Protein chains: 4
Amino acid sequence: MNFSSDNVTGVAPEIIAALAAANAGAMASYGADAVTERLARRFSEVFEREVAVFPVATGTAANALALATLTPPWGIVYGHRDAHFQVDECGAPEFYTGGAKLRMLDGAHGKIAAADLEAAIMGRGVVHHAQPASVSLTQSSEAGTVYQAAEIEAIAEVCRRHKLALHVDGSRFANAVASLNRSPADLTWRAGVDALSFGATKNGAMAAEAVVFFDPAKAADFAYRRKRGGHLFSKMRFLSAQLEAYLAGDLWLRNAGHANRMAARLAEGLAAVPGARLQHPVEANELFVEMPDPVIRGLYADGFQFYRWDNEESAVIRLVTAFDTEPSAVEAFLASARRHAGVSTGARRS
Amino acid sequence: MNFSSDNVTGVAPEIIAALAAANAGAMASYGADAVTERLARRFSEVFEREVAVFPVATGTAANALALATLTPPWGIVYGHRDAHFQVDECGAPEFYTGGAKLRMLDGAHGKIAAADLEAAIMGRGVVHHAQPASVSLTQSSEAGTVYQAAEIEAIAEVCRRHKLALHVDGSRFANAVASLNRSPADLTWRAGVDALSFGATKNGAMAAEAVVFFDPAKAADFAYRRKRGGHLFSKMRFLSAQLEAYLAGDLWLRNAGHANRMAARLAEGLAAVPGARLQHPVEANELFVEMPDPVIRGLYADGFQFYRWDNEESAVIRLVTAFDTEPSAVEAFLASARRHAGVSTGARRS
Amino acid sequence: MNFSSDNVTGVAPEIIAALAAANAGAMASYGADAVTERLARRFSEVFEREVAVFPVATGTAANALALATLTPPWGIVYGHRDAHFQVDECGAPEFYTGGAKLRMLDGAHGKIAAADLEAAIMGRGVVHHAQPASVSLTQSSEAGTVYQAAEIEAIAEVCRRHKLALHVDGSRFANAVASLNRSPADLTWRAGVDALSFGATKNGAMAAEAVVFFDPAKAADFAYRRKRGGHLFSKMRFLSAQLEAYLAGDLWLRNAGHANRMAARLAEGLAAVPGARLQHPVEANELFVEMPDPVIRGLYADGFQFYRWDNEESAVIRLVTAFDTEPSAVEAFLASARRHAGVSTGARRS
Amino acid sequence: MNFSSDNVTGVAPEIIAALAAANAGAMASYGADAVTERLARRFSEVFEREVAVFPVATGTAANALALATLTPPWGIVYGHRDAHFQVDECGAPEFYTGGAKLRMLDGAHGKIAAADLEAAIMGRGVVHHAQPASVSLTQSSEAGTVYQAAEIEAIAEVCRRHKLALHVDGSRFANAVASLNRSPADLTWRAGVDALSFGATKNGAMAAEAVVFFDPAKAADFAYRRKRGGHLFSKMRFLSAQLEAYLAGDLWLRNAGHANRMAARLAEGLAAVPGARLQHPVEANELFVEMPDPVIRGLYADGFQFYRWDNEESAVIRLVTAFDTEPSAVEAFLASARRHAGVSTGARRS
């Protein structure tokens, strides 16, 4: 009944079990343990090349540390106007980079376009201006859409031409991979991505994300930044164990696939609700829906939880599904929406 | 058999159980959940006054965020030369404060003395000099000793006179409280402490610390600093649940008391090992022992794990006990030490 | 013949003379000299109340230090999209504030409107968002226009309601005062301004600006920030002497008045040049003029210096007049423009 | 009569003249002027190799910007405990580096020894520790002594072995060069120095220093740091003109040579004052002298200005000579000291 966010969820049972399993006896601290070592190898398998992996506990830490590694203090990070790192991290990228500038771009359905990026880049080599340094895409996006591999490649081509690093905020990366049916490699380094914030928390972990660098040489400083930011865990095994379980048997993709299907079902069902209008294509696990106010109030009255977006009077609501969303909750939501929208239901009539 | 650190330990069963229990259903994120609310009340009870409490996941985050709240970028933090925040946090306090200066003091047995602090304070109001701003004590200390309440009070008196804030790095605060048999209040705000990094990770939690401000008004900025540092957990309930279980039934004091007793037993036993010399009084759960090299090598050969302190050729070793140290491991260690030191054992004689 | 900027000018003779005069004998360093003391009193007279004054050498230093004093690291500074502190200071405000966010607003003719500011303020008290903290206006603006006292008052009213500090970047404040014929007090604190970057460099000084706080209590930290930024001059008397001469006998207003008149004459003359179109009202010492390309090329060929705005193919040029702009240079420019625009000048000759 | 510092002096007449001369007509701003271009060539001649030169206005800016270029935020700068950048810059190095750590060494007569540096370096590659990054020597030192070329070479050898950059704070570099009779090249890059804060302000300039990088490739970021710090002057010609005049005809060495001779004369004369004891060899333009209190008071009473070092009750005074110290002032000082020390001056009486 709670569609307010995928971070209101608990932990997937496989991951809780992995935490308990990792709790056996003494282990070397700060990442010199066997779990963390296995995890590094596992990530290299998943991404089909040797990568550098750094577990951290929050998405904000992952993003800010990754961007700081790719952006000097006088650099510019380009991204979409609605990006989490601009809107919802209280200036973490500015803090970790030492004061870089975020230059935000408009873009339909939560995505930036290569041409708009190209047009925004200026000032290279001119000392008065902050310097173009990096780009951050959100995959899946803040609008519940996904970047196609070709879209990423086009952006990466702009990056190459202007010597910008390319970062992906993948707090919902699993949802994008599950949606696109492309390999993690295709959606990252093969498309030109340099670093990825690989999210797990929203999709079944307790608090675990991984920063992945596809060229380990570019990650040289990351470990110092992570420690200095207070994000190196002494009992690292418990971060690594979450991520290991998350990758094991493709749990991450199964969880995300379920969430995506629940979102698709909501979208499908809302088509039958008069006055409901999707704001964006539904390609992952978020929906933004314009709804008649009585329907919104009715849904609240029926106990459903979700946010009006992005203010308290808005006629647009956001619905987020998750790895543990019950199909019955989806159906109940749709039934409530239909009822408040005045749709008579044949079944009852009969 | 592993005495290398209290952070090689796993998680206390009570806390693993609490994590599982907290995993029931959806909960509001970012600390607006019931567990976090209960935790705040519990902390106020433990400290016998209303306090502001901020859970974070690492001791470095707790210290750096607390110090940044108490120290302007041009401020000076005074502390002991061996303090963790100076030696082992890769510059986290400098990072979080925006470049404050750490002025380190000598002091016997890991503790600073009020008189030495007084003598070190200078430059107030002179724009050329970084400005005295705060003091950080480590309780229990890096040398395995504890500050008596009267020692803290004397330091707090210097702080009051010079308008310095007083912080306690309590990553092993439980060990100090268990050792001193004084109330948490007596050892903090009643003695003049403004903020405490209240540690749990080393003493049975998975990854959980709390920053406690005894005057909530002084904590106004902390929430922004925490978020911006990437230390606000979306699934906060799992940090809070660890801390709640840690405080429940005085688990924190029972765990610490056990670790302390194991350390005391080691100290007692080492008195019978020729050539073994304690470097500091053993008042908490750490011992620093000068040992003959053959004994050290013998212990390593017998499979015991610990560090030579503070370099690889050192004749001084550090032994750390923990909440889960087996008495039998202690006895085995002592037996090995005695044997390698050439002490004949009555049992064999008979 | 050089209209490219008012910073290509040299130093007004009165100020060169003051530097020589200040060079007599030893004087206390770092601002404890008699010149600096006189200057402070003089500023209080000019602004008709007791103010705190801090001389620095560059406009970027003035702006960044002022904004850092008014904005916490997690704060937001609002300003016009074209503001110097956003576009031309290579991230100095981000650096000095410790990573604050600049939120830029559109606005006709280089000015922000109170209503647009009001609409942009959000997120107060929500820890995920950077926090509204300050507003910076540029007076005269980057478009060569000026804020009327009533416009400032309206913005200040929004600031008061939202508890934002109000800063004015007055690198061309003299031009605004000369243009508006209002007192410095009316255009600053009486209208609700908290701090002013009072420029002198562009208007006849060698390198001297003053940061003025209208409530000295709010300036408590400024001196530490200035020192720590490397902006406290040991031989301060030479900064103060420039500013003293600048204020003496209203040199600042005379210089600015001359520059403004030269700009007005250019604007008037350009009205007679076919195809020349002013982009903004000409209210200070800058003009932005759309010109036919052959005219622009002709002017360059005749040796006039100025920039196409804001790229090298632009049909808009910027013309800046200064305290030392010769009326004959203005007439020569206009004659050249008319000639290249095909205006026959027969009539006047006859 | 004023021996309190070399920064209480005015400007050398040659430099005042150069400022006036640079004031002719319009010039390109921000360093694209002819004076600055000539200056760069001149520096390369003085140092006998191509160097990168960046004029700034204060010694604190020069040091902090240079150190920030050589030291990452998690780096350690090693230097002498009394170094200006540690004691007298209000944390500017911490600010500009983004929070690096200053590790201060003891050392006789204001100088660090290679062996002590070697012993202090530790923690390389260990993520818990701030990382050894750079060394800063003060030449001439805070104790009025100078590093011999061989001493610099020994320190540079340690730097090479540990991959540390070597910076020289040369706010009184001219005094050292004049004292040592070695070429600027011998005392810098030939000895292994990477960057130099080349001071002029204390030795006759108004406000001008230059940061010199001996490998221009290492200076790539400096220009952005300078701009972002607010230290790029729009009317750069006036900084460059000071430095050009300072180097012309070896004014810098003549000025410094004079100051050094005045210091030597003071030292020589003080040998005849009972109870006066030099604390350090007098090798440049500063003397630290223990004096009987009645003598100190007598000198003050006679109108001489100088500081008790380093507190107001100290029996040690500091005397600083400068480019404009009058020989008669030196003799008067000595006569006063002798008189207050009770030395009868037979010659005159007879």
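Sequence order as written defines residue numbering, which begins from 1 separately in each chain. Whichever chain is written first becomes A and whichever ligand is written first becomes 1, with later ones labelled in order. Under the rules for a predicted model, residues below a pLDDT of 70 receive no local features and side-chain atom pairs below 80 are neither given nor counted, while totals for whole chains, interfaces and linings still include all residues. To get the side-chain values, all heavy atoms of the structure are used, and hydrogens and water are removed first.

(A) Main features of the interface of chain D and chain C. In what follows, residue pairs with any heavy atoms lying within 4.5 Å of each other are defined as contacts. Contacts between the two partners involve 45 residues from chain D and, on the opposite side, 45 residues from chain C. Buried area: the accessible area, evaluated with a 1.4 Å probe, that two parts lose upon being put together, summed over both parts. When chain D packs against chain C, the two sides together hide about 3,600 Å² of surface, and 59% of this comes from carbon and sulfur. When residues of chain D are sorted by the area they lose upon contact with chain C, D:Phe95, D:Arg228 and D:Lys235 head the list and together hold 21% of the total. Salt bridges are counted wherever a side-chain nitrogen of Lys or Arg sits within 4 Å of a carboxyl oxygen of Asp or Glu. Between the two partners, chain D and chain C, sit 0 salt bridges. Definition of a polar contact: a pair of N or O atoms within 3.5 Å, with one able to donate and the other able to accept a hydrogen when the atoms are protein atoms, and with sequence-neighbouring residues admitted only if both atoms are side-chain atoms. Across the chain D-chain C interface, the total number found is 32 residue pairs in polar contact (both at pLDDT 80 or more). Those elements that place two or more of their residues in the side of chain D that touches chain C are α1 (13-21), α3 (59-70), α5 (92-97), α9 (222-228) and α10 (237-247) of chain D. For helices the rule is a DSSP run of H or I covering at least 4 residues; for strands it is a run of E covering at least 2, with both sets numbered from the N terminus onward.

(B) Highlighting the state of the cysteines. Our working definition of a disulfide is a cysteine sulfur pair at a distance within 2.5 Å. Scanning the model with the defined rule gives 0 disulfides over all chains in all. Not part of a disulfide, B:Cys159 finds its nearest cysteine sulfur in D:Cys90, a span of 20 Å.

(C) Structural view of the relation of the copies chain A and chain C. Least-squares fitting of one copy onto the other uses the C-alpha atoms of those residues that reach a pLDDT of at least 70 in both copies. Least-squares fitting of chain A to chain C yields an RMSD of 0.0 Å, with the transformation described by 0.1 Å of translation along the axis and a rotation of 180°. Given the turn and translation reported, the copies of this chain are related as if by a two-fold rotation axis. Across chain A, the rotation axis passes nearest the C-alpha of A:Gly99, at a separation of 2.1 Å.

(D) Seen up close, the pattern of salt bridges. Across all of its chains, the model carries 88 salt bridges over all chains by this definition. Here B:Glu118 and B:Arg161 are joined by a salt bridge, their closest N and O atoms 2.4 Å apart. Within this pair, whereas B:Glu118 is found in helix α6 (residues 114-120), its partner B:Arg161 is found in helix α7 (residues 149-162), the two being separated by 43 residues in sequence. Put simply, A:Asp6, A:Arg172, A:Glu286 and A:Arg318 are held in one network by salt bridges that share partners.

(E) Seen up close, the interface of chain A and chain C. Between chain A and chain C, the residue contacts involve 18 residues of the former and 18 residues of the latter. When chain A packs against chain C, the two sides together hide about 1,300 Å² of surface, and 45% of this comes from carbon and sulfur. At the boundary of chain A and chain C, one finds 2 salt bridges. Measuring nitrogen to oxygen at the nearest pair gives 2.7 Å for the salt bridge that ties C:Lys101 to A:Glu94. At the junction of chain A and chain C, the tally comes to 10 residue pairs in polar contact (both at pLDDT 80 or more). Counting residues per element, the ones that place at least two in the side of chain A that touches chain C are α4 (84-87) and β3 (101-105) of chain A. Classes in brief: Ala, Val, Leu, Ile, Met, Phe, Trp, Tyr, Cys and Pro nonpolar; Asp, Glu, Lys and Arg charged; the others, Gly included, polar. Partitioning the side of chain A that touches chain C into residue classes produces 8 nonpolar, 5 polar and 5 charged.

(F) Quick peek at the sheet that holds strand β2 (residues 75-80) of chain C. Residues and elements named next belong to chain C. Strand order in the open sheet made by the 7 strands is β1-β7-β6-β5-β4-β2-β3, with mixed pairing throughout. The open sheet has two edge strands, β1 (52-56) and β3 (101-105), and neither has a second partner. Adjacent strand axes in the sheet meet at a mean angle of 20°, parallel and antiparallel pairs treated alike. Two strands are counted as paired when DSSP detects at least two bridges linking them. Pairing of β2 with strand β4 (residues 131-138), which is carried by 5 bridges, proceeds in the parallel orientation. Counterpart to Tyr78 in the pairing with β4 is Val135. Sheet contacts for helix α10 (residues 237-247): β1, β6 (195-199) and β7 (209-213); angle to β1, the most-contacted strand, approximately 115°. Angles shown run from 0 to 180 degrees and are taken between the N-to-C directions of axes, each axis being a line fitted to C-alpha atoms and, for helices, limited to the stretch in contact.

(G) Broad picture of the sheet that holds strand β1 (residues 52-56) of chain A. All names here are of chain A. The mixed open sheet is built from 7 strands, whose spatial order is β1-β7-β6-β5-β4-β2-β3. Across the chains shown, the open sheet's two edge strands, defined by having one partner strand only, are β1 and β3. Going from strand to strand, the sheet's axes swing by 20° on average, the running direction of each strand aside. Bridge analysis of strand β2 (residues 75-80) against β3 gives 5 bridges, and the strand direction is parallel.

(H) View of the side chain of B:Arg237. By the element assignment, B:Arg237 lies in helix α10 (residues 237-247). Note on classification: 1.4 Å probe, protein chains only; a residue is buried when its accessible area is under 20% of the maximum for its type, exposed when over 50%, partly exposed between these limits. Two residue types count as positive, namely Lys and Arg, and two as negative, namely Asp and Glu; His and chain ends fall outside the count. Despite its burial, B:Arg237 remains without a salt bridge, the nearest opposite charge being carried by B:Asp33 at 6.5 Å. Among the polar contacts listed, one links the side chain of B:Arg237 to the backbone oxygen of A:Thr9, at a separation of 3.0 Å. With residues near it in sequence (within four places) discarded, B:Arg237 still touches A:Val8, A:Thr9, A:Gly10, B:Ala22, B:Asn23, B:Ala24, B:Gly25, B:Ala26, B:Met27, B:Asp33, B:Val35 and B:Thr36.

(I) Structural context of the packing of aromatic side chains. Pairing of aromatic rings covers Phe, Tyr and Trp, the last through its six-membered ring, and needs centres within 6.5 Å; plane angles under 30 degrees mean stacked, over 60 mean edge-to-face, and all others mean tilted. A complete count under the given rule lists 86 aromatic pairs over all chains for this structure. A ring pair is formed by B:Phe47 and B:Phe198, whose centres lie 6.2 Å apart and whose planes are at 80°; its orientation type is edge-to-face. Linking B:Phe47 in the loop between α2 (34-46) and β1 (52-56) with B:Phe198 in strand β6 (residues 195-199), this pair joins segments that are 151 residues apart in sequence. Pair check on accessibility: B:Phe47 and B:Phe198 agree, each one buried. Consider the rings of B:Trp74 and C:Tyr224, whose centres lie 6.1 Å apart with planes at 10°: the pair is stacked. Of this pair, B:Trp74 sits in the loop between α3 (59-70) and β2 (75-80) while C:Tyr224 sits in helix α9 (residues 222-228), which puts the two residues in different chains. As far as burial versus exposure is concerned, B:Trp74 and C:Tyr224 are alike and both buried. Each residue in the set A:Phe43, A:Phe47, A:Phe173, A:Phe198, A:Phe214, A:Tyr246 and A:Trp252 is aromatic and connected to the rest through ring pairs, giving one cluster. When the ring centre of A:Trp189 is taken as reference, the NZ or CZ atom of A:Arg49 above it lies at 4.7 Å. Either the NZ atom of lysine or the CZ atom of arginine qualifies as a charge over a ring when it sits within 6 Å of the ring centre and within 35 degrees of the ring normal. A cation over an aromatic ring shows up here: C:Lys111 above the ring of C:Tyr147, its NZ or CZ 5.7 Å from the ring centre.

(J) Local environment of the confidence of the model for chain A. On average, chain A scores 96 in pLDDT, and the residues at 70 or more come to 98%. Complex prediction metrics read pTM 0.97 and ipTM 0.96. Confidence scores per residue from the predictor, reported as pLDDT, run from 0 to 100.

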